[in-house]
Amino acid sequence: MSVIAVYNIKGGVGKTATSVNLAYFSAQHHGKTLLLDMDPQGSASFYFRIRPPKKFGAKKLLKGGRHIEENIKGTDYPGLDMLPADFSYRNIDLALDECRKSHKRLSKVLAPLQEEYDRIILDCPPNLTLLSENIFYAADCILAPVIPTTLSLLSLEQLFAFLDEIGQDPDKVVLFFSMVEKRKKMHAEMMRSLRERNRVLQTVIPYSADIERMGVYRQPVAAALPASAAAAAYESLWHEIRDLLAI
Amino acid sequence: MTVHPGADTWLLPDSLSVEGLLAALAAEFGLESAPEYGATVVYADSFDWRLYQQGCLLHSHGTCWTLYHGDSGEVTVQQGGPELQASCRARDFPPGGLRELLEPVLGIRCLLPLATVHLSGRQVRLLNKDDKTVARIVVESQQPAGSERPHRLVRLFGVRGYGRDQENVRRILAEAGVAEVASPLIGFTEGCRAMGRSPLDYSPKFALELDGGETAREAMARIYLTLLDTINRNIPGVLADYDPEFLHDLRVAVRRTRSGLSLVKQVLPGPVSDRFSRVFSRLGAFTGPTRDLDVYLLAQESCLGRLPPSLRPGLQEFFAGMARRRQIEQKKLVRALRAKKTRAALNAWQQTLKRRDRQPAPLAGMPVRDLAGRIVLKRFKRVVRDGHALDAATPDAEVHRLRIQCKKLRYAMEFFGSLYPRHELQTLVRHLKQLQDILGNFNDLSVQQEMLRLTLKTLPAGSRRTLDQAAALGGLLQSLFQEQQELRAHFTEAFAQFGDEETTALFHELFGKRQESA
Ligand SMILES: Nc1ncnc2c1ncn2[C@@H]1O[C@H](COP(=O)(O)OP(=O)(O)O)[C@@H](O)[C@H]1O
Ligand SMILES: [Mg+2]
C-alpha cells in the first residue's frame, strides 16, 4: 500500500481538486483507493456529495479500527471509498496531544486499512501542526501543488525547514505546478527556475474554468467532463506519480 | 464450490415489468439509468473448470473478453482476444492483463465454449437527495441459447456506508412482489446444462466414496466404471486435439485401470481380467507415442531457456521436427481410438462390469475393506524394499521402475482412500507425494537429457558451427546430469524418511489387520 498526502502550507492552491481527481484515476485503473478528507472544511467530501457522519469526529478518527471502518463511505465510483471529514477535526491537534507517541498516531491508525486498500490519498488542511507531522510520518509521498509565484517559494522553504526539524526525508516531497496561467510571464519564469530542483513533475495543471466549476457539478472532472483538457491533465499527473513511486 | 449465488439477486415476477419496478423505486430515490446493453456471449472455461474453481467466469462476445467474479459480478478485466472457435489457449491472447491472469490458472489447458447466453439489461443508480449514489440496481434478462424464456433478474448492489438506504430498497422490492431469490449465474448454469455440462462435473482427481460393507466385486466395478467414465469423457478432446491434458488424463485413467487389474487379483474372473488387461495394455500402447512427444514438446521452453540464445535456433529446428512427428502420431492415435475394435472393447468392459459374473472369482464376495488394506500394505512394502536398495549409483531405469512402484501405491491408496480416516491418509499421501515429486523431477531431467542426446545425433557432421553446437549441448547435458545427481542425494534422504519407523507404523496401523481387533 502507498499513502500519498496532498499537502501545502497554503490554502487555495488546488490540494483538494488534486486529491479528488487523483483518487478517481487511482481507483479507476490501479486498485482500491481510500480518500481521507483531513480538512475540517470537508471540501473533498462535498465534491463527492458525502455528508459528514453523525457520530464521528477527531477523537474517533484517532481511535481508529472500527470507528473508522464504520464511517467509510462508498463514492459513486467503483473502487473508490472515502472517509469524510468532520468539523471537529479543527481541534485535532488537542486530541493528538493526548495520544501516546503523538506524531505516529495517524500512521498507526492507517496501518490496518492496508488490507483492504491498495492506496490511501490524504487531502490535507493547510497548516504546519502536530497533524502535519503525523501526515508526513504516515505518507510515502508528500505531493505539493505549487502555484508558480514568489510567495509559493516562501511556503516551500517553510515546509522543508519543518521537515528538517522533525527529521523527515525531504525527498518524500514531490512538487507539481498548479493553477498555471500560460499568459502570465511570472508563472513561466518561476516554473523555469523551480524546475532546477529535484522531484518536480513535468505535468502542469492549468488554471481551468472546468476545474473551478467542480463545486457546481460535484464530481471529479474526468467523470463529468471526460474529454476536457483538465481531465487529461489530471490523468497525466496520475501516471507520472505512479511511475515515480513505482506503484 | 467457490462461486456463491449472490444473496441479493431475485427473479422478477412475471406480473412485474421493469418499468413498474423502476416506478416503485422512483417514489423514494432519484434514478439515473445507464444505457441498455444487450449481447450474446459465450462462456468459456477449461474442461476441468479451472476458472470456475477460482470463482471466476469468463465470456467472450466476438473478440471482446470479460473476466469477472462469479459471485459479486464485478468485472476483473475486459480485453480484446482471439475469436473463440472450438478452443483457444491463454497464449492466443495478446500480451496484457487478461493473459497474465489466465496463463497461471489455465496452464496448458485450452478454453472451450461452454454456454451461449443472450444477456440484456441496464444498470440504474439510486440517488439520495444530494444526488449521491446510495445503491445500484441491475435488471438483467438472461436467455440461454435454445431455451424459450429468458430468466429475468433483479440484482441489488449496495454502496458502503448507506445501509439504511439499502434496507429501503429491499422493502420497496418486497412490496413490489420481488421475493424469489435466484442465482445470478442462472443463465450460465442453464446454458451449460443445454450443452450437457454442469459446473465442476469433471475433475482429473480420482474421488469415489466406497462403502466398507460393499463386496470387493461391487467396489472394483464402481472403481473401474469411474475410470471408464474418465476415459470416455476425455476421448472427444483427444480426438479434437484441444490440449495435451485430455490425452494425459485419459492415459492416467488407463494406467489406473491397468494397475487395478494387476493389483487386485481374484475379484474379477481370471479370463475377464486377462482379456481386459490386454485391452488396456493396447490402449496404453497406442496412446503412448503421442504422449511421449507431448512430454518432449512441453519441455521445449525449459530446454531452450538453458541454452545461450545463439544456440537456440538449432534446438528449435529439432523441436519443429518433433512437432511434425507428433502430427503424424496423433493421426494414428485418432484412427486407433476411433476404430470399432476400441469402441467395442470399451463397451464390452462396461457391460462386463455391470453384469453378474457367471462364475464369480474366489475373492469377489469378500468385503472390500478386508481386501483393500492387504493390497495397499503389499505395495507399501514393495516400495520400501526397492527404495532401500537405492543408492547414488542406481541406474536410471531402476529409478524409473521405482517411480512406477510409487504410482501403483498411490493409485491403490486413491482407490480405497474413502475407507480410511481422512487425516491419517492425507499424512501418508503427503509423504508419498514428496517422494513422487522428487522422482518426477528426476524423470523430467532424464527426458531432457534424452532429448539433447537425440539432438546431438541429428547434428550434421563437420562444420565449425556444428562443433560449437555440439560443445554447447554437451555442456548442457553435463549441467542436467549434475542436477540429476544432486537429486539423487535428496532422493535417498526422502526414501529413508518414507521408510522410517513412524511412517511404517502409520501404514500398518491404517492398513493392517485392524478389523480383527475391532
Ligand atoms: N486548476 C484550477 N483551475 C481553476 N480553479 C481551480 C483549480 N484548482 C482549484 N481550483 C479552484 O480553486 C479553489 C481552491 O482549490 P482547492 O482545491 O480547494 O484548494 P486547497 O485544497 O489547496 O485549498 C476552488 O474553488 C477550486 O475550485
Ligand atoms: Mg482543501
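Residues numbered from 1 in each chain as written. Chains lettered and ligands numbered in written order. Predicted model: local features only at pLDDT ≥ 70, side-chain atom pairs only at ≥ 80, totals over all residues. Heavy atoms only, no water.

A short note on the nonpolar core
Residue and element names in this part refer to chain B.
- F280, F416, F507 and F511 are the most contacted members of the largest nonpolar core, which totals 104 residues.
- When residues no more than four places from it in sequence are discounted, the contact partners of F416 are L210, M220, I223, V264, V368, A372, I375 and V376.
- Among the nonpolar cores identified, the runner-up in size contains 58 residues, and L126, V134, L156 and Y162 belong to it. (Core = buried A, V, L, I, M, F, W, Y, C linked by side-chain atoms within 4.5 Å. Buried < 20%, exposed > 50% of the residue type's maximum accessible area, 1.4 Å probe, protein only. Contact = heavy atoms within 4.5 Å.)

Section: the pattern of salt bridges
- Taken as a whole, this structure holds 37 salt bridges over all chains when the rule is applied.
- Two residues, E167(B) and R170(B), come together in a salt bridge whose shortest N-O distance is 3.5 Å. Residue E167(B) and its partner R170(B) are located together in helix α4 (residues 163-175), separated by three residues, close to a single helical turn.
- According to the relative accessible area criterion, R170(B) is partly exposed, its value standing at 25%.
- Linked by salt bridges that have partners in common, K32(A), E69(A), D81(A), E116(A) and R160(B) make up one network. (Salt bridge = Lys/Arg side-chain N within 4 Å of Asp/Glu carboxyl O. Helix = DSSP H or I, 4+ residues; strand = E, 2+ residues; numbered from the N terminus.)

Observations concerning the sheet that holds strand β5 (residues 119-123) of chain A
Residues and elements named next belong to chain A.
- With mixed pairing, the eight strands of this open sheet are ordered in space as β3-β4-β2-β5-β1-β6-β7-β8. Of all the strands in the sheet, the pair left with one neighbour each is β3 (73-74) and β8 (200-206).
- Bridge count for strand β2 (residues 33-37) against β5 is five bridges, and the pairing is parallel. Residue L36 lies in a different strand from β5, and its bridge partner there is L122.
- Each of β1 (2-6), β5, β6 (141-146), β7 (173-180) and β8 is contacted by helix α13 (residues 229-245), which is oriented at about 165 degrees to β8, the strand it contacts most. (Pairing = 2+ DSSP bridges. Axes fitted to C-alpha atoms, helices over the stretch in contact; angles between N-to-C directions.)

Overview of the packing of helix α12 (residues 368-388) of chain B against helix α16 (residues 501-511) of chain B
Residues and elements named next belong to chain B.
- Interaxial distance between α12 and α16 falls to 9 Å at its minimum, and their mutual angle equals 160 degrees. Relative to α16, the element α12 is oriented roughly antiparallel. Along this stretch, α12 crosses α16, giving a crossing that reads as left-handed. Only T504, F507, H508 and F511 of α16 make contact with α12, whose side of the interface consists of G373, R374, V376, L377, F380 and K381.
- Each residue belonging to the contact of α12 with α16 can be placed in one class, and the counts come to five nonpolar, three polar and two charged. (Parallel < 35°, antiparallel > 145°, perpendicular 65-115°, else oblique. Left-handed = near helix turned anticlockwise from the far one by under 90°. Nonpolar A, V, L, I, M, F, W, Y, C, P; charged D, E, K, R; others polar.)

Overview of the domain arrangement of chain B
Residue and element names in this part refer to chain B.
- Partitioning chain B into domains gives domain 1 (7-194), domain 2 (204-363) and domain 3 (367-518).
- Computed over C-alpha atoms, the centres of domain 1 and domain 2 are 39 Å apart.
- Across the interface of domain 1 and domain 2, roughly 860 Å² is buried in total on both sides, 63% from carbon and sulfur atoms.
- Ranking the residues of domain 1 by area buried against domain 2 places F47, I108 and R109 at the top, with a combined share of 58%.
- On inspection of domain 1 and its partner domain 2, the count reaches one salt bridge.
- When the shortest N-O distance is used, the salt bridge between R109 and D243 registers 3.2 Å.
- There are three residue pairs in polar contact (both at pLDDT 80 or more) connecting domain 1 and domain 2.
- Here the residues of the side of domain 1 that touches domain 2 are counted per class, giving five nonpolar, one polar and four charged. (Domains from an automatic or database assignment. Buried area = accessible area lost by both parts, 1.4 Å probe. Polar contact = N/O pair within 3.5 Å; in protein donor to acceptor, adjacent residues only side chain to side chain.)

Some points on the packing of aromatic side chains
- Counting across every chain of the model gives 24 aromatic pairs over all chains.
- Look at Y24(A) and F25(A): their rings are 5.5 Å apart centre to centre, the planes differ by 75 degrees, and that puts the pair in the edge-to-face class. The burial state of Y24(A) is the same as that of F25(A); both residues are buried.
- A network of ring pairs unites the aromatic residues F380(B), Y420(B), F498(B), F507(B) and F511(B) as a single cluster.
- Above the ring of Y162(B), the side-chain terminus of K73(A) is found at 4.6 Å from the ring centroid.
- The ring of F246(B) carries the charged tip of R109(B) above its face, separated from the ring centre by 4.5 Å. (Phe/Tyr/Trp six-rings, centres within 6.5 Å; stacked < 30°, edge-to-face > 60°. Lys NZ or Arg CZ within 6 Å of the ring centre and 35° of its normal.)

Examining the site of ligand 1
Residues and elements named next belong to chain A.
- The immediate surroundings of ligand 1 are formed by 15 residues, with G12, K15, T16, A17 and S208 found nearest.
- P206 is positioned with one of its backbone polar atoms (N or O) 2.9 Å from a nitrogen atom of ligand 1.
- Relative to its unbound accessible area of 550 Å², ligand 1 is 81% covered by the protein chains.
- Of all the secondary-structure elements, those providing two or more residues to the shell around ligand 1 are α1 (15-30), β8 and α10 (209-212).
- Broken down by element, the residue count for the shell around ligand 1 peaks at three residues, all from α1.
- Each residue belonging to the shell around ligand 1 can be placed in one class, and the counts come to eight nonpolar, five polar and two charged. (Near = heavy atom within 4 Å. Areas by Shrake-Rupley, 256 points an atom, 1.4 Å probe, with all protein chains shown as cover.)

So, the packing of helix α13 (residues 396-416) of chain B against helix α14 (residues 422-458) of chain B
All names here are of chain B.
- Across the interface, α13 lies against α14 with an axial gap of 10 Å and an inter-helix angle of 150 degrees. On the basis of their axis angle, the class for α13 and α14 is roughly antiparallel. Crossing hand, α13 versus α14: left-handed. Contacts between α13 and α14 involve D396, V399, H400, L402, R403, C406, K407, L409, R410 and M413 from the first element and L425, L428, V429, L432, K433, L435, Q436, L439, G440, F442, N443 and S446 from the second.
- The residue makeup of the contact of α13 with α14, split by class, is twelve nonpolar, five polar and five charged.

Observations concerning the interface of chain B and chain A
- If you look at the interface, chain B gives ten residues, while chain A gives 15 residues.
- Taken as a group, D130(B), K132(B) and R160(B) account for 59% of the area that chain B buries against chain A, more than any other trio of residues on that side.
- Between the two partners, chain B and chain A, sit six salt bridges.
- Close ionic contact of D76(A) with K132(B) constitutes a salt bridge, the shortest N to O distance being 3.1 Å.
- Classifying every residue of the side of chain B that touches chain A gives two nonpolar, two polar and six charged.

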